[in-house]
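Overview (structure and organization)
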Amino acid sequence: MDKKEIRKVISKRRKSMSENEVKEKSEIIIDKLMNTEEFKKAKNLMVFLSFDNEVYTFDFIEKAISMGKKVIVPYTVKETYEIIPTLLKNIEEDLEVSTYGYMEPKKDKIQPILEENIDMTVVPGLAFDEKMNRIGFGKGYYDRYLAKTKKESKNIAIAYDYQVLEEIPSEDFDVKMDYIITEEKIYKNAE
Ligand code: ADP
Ligand code: MG
């Protein structure tokens, strides 16, 4: 299967999840994420704002902020397929629903953070494999953004176990994950 076909199959599977399945699996995955040394150490962490049946990230964001961590979320520039990492102070006040339906920072609340100051990124995605490759929504937003973060900064994908396939296609510009955390296991980059 090519990237496009894989996106289709996995999107369909994810759409079929019940609210309860999303909630139960998200809780397990977020628990594991918060138990990683990477999270415990991180002062400035980037995390996506979950949409549809993605692993639910809003409770995680609340907890991280209350622990004194700086939480940075993506503001997407649709013209250039770029991400502006922006500091999130308050979930209730600083976000709004975008034209595409997902949550994003209000324009007047954008506080850009330089990629070099980010300690770890919690990455969304549609499909992954055990070689730590990732397939996203097809615009390369995270490939562009992750290319700018520093080498020591870890890329941690959170996903349901059915999203991790045996092998997926990857291209030169695709950035690999350091960890993929699912409700079943934690995949780690052996390199
Ligand atoms: P996704 O990662 O969202 O699944 P793809 O890997 O298919 O999407 O990439 C989508 C497009 O983004 C590709 O056409 C690719 O050329 C472009 N792209 C990816 N990374 C970069 C980058 N670092 N700089 C410029 N363009 C990039
Ligand atoms: Mg890619």
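Cut-off values and rules
Each chain has its residues counted from 1, following the order in which its sequence is written. The lettering of chains begins at A and the numbering of ligands begins at 1, in the order of writing. The predicted origin of the model limits local features to residues at a pLDDT of at least 70 and limits the giving and counting of side-chain atom pairs to 80 or more, whereas totals for whole chains, interfaces and linings rest on all residues. Excluding hydrogens and water, the side-chain values take into account all heavy atoms of the structure. Only protein chains enter the accessibility calculation, which uses a 1.4 Å probe; a residue is then buried when its area is under 20% of its type maximum, exposed when over 50%, and partly exposed in between. Only runs of H or I of at least four residues qualify as helices and only runs of E of at least two qualify as strands under DSSP, and these elements are numbered from the N terminus. Comment: arc refers to directions from the helix axis out to C-beta atoms. Any N, O or S atom lying within 2.8 Å of the metal counts as a donor, with the limit raised to 3.2 Å for Na, K and Ca; because water is left out of the atom set, some sites can appear incomplete. Multiply 1.5 Å by the residue count of a helix minus one, and that product is the helix's expected span. Here a residue-residue contact requires only that any non-hydrogen atoms of the pair lie within 4.5 Å.

Further remarks concern helix 4 (residues 58-66). Among all positions in helix 4, only F58, F60, I61 and A64 are buried. Projected onto a plane normal to the axis of helix 4, the buried residues spread over an arc of 155° and lie on a single side. Just downstream of helix 4 lies G68, where phi reads positive at about 90°.

Moving on to the coordination of the magnesium ion (ligand 2). The protein atoms donating to the magnesium ion (ligand 2) are D143 (OD) and D174 (OD), with metal-donor distances spanning 1.9 to 2.1 Å. Here D143 is found in helix 6 (residues 141-146), whereas its partner D174 is found in the loop between strand 10 (164-165) and strand 11 (179-181), with 31 residues between them in sequence. Its relative accessible area of 12% is what places D143 among the buried residues. Under the relative-accessibility criterion, D174 is labelled buried at 13%.

Looking now at helix 1 (residues 3-15). With 13 residues, helix 1 should cover 18 Å at 1.5 Å per step; its first-to-last C-alpha distance of 18 Å lies within 8% of that length. Looking only at helix 1, the buried set comprises K3, I6, R7, I10 and R14. All buried residues of helix 1 project into a common sector of 100° when viewed along the axis, lining one side. Turned more than 90 degrees off the buried face of helix 1, the exposed positions are K4, K8, K12 and K15. On its buried face, helix 1 sits against strand 7 (127-129), strand 8 (134-135) and strand 10.

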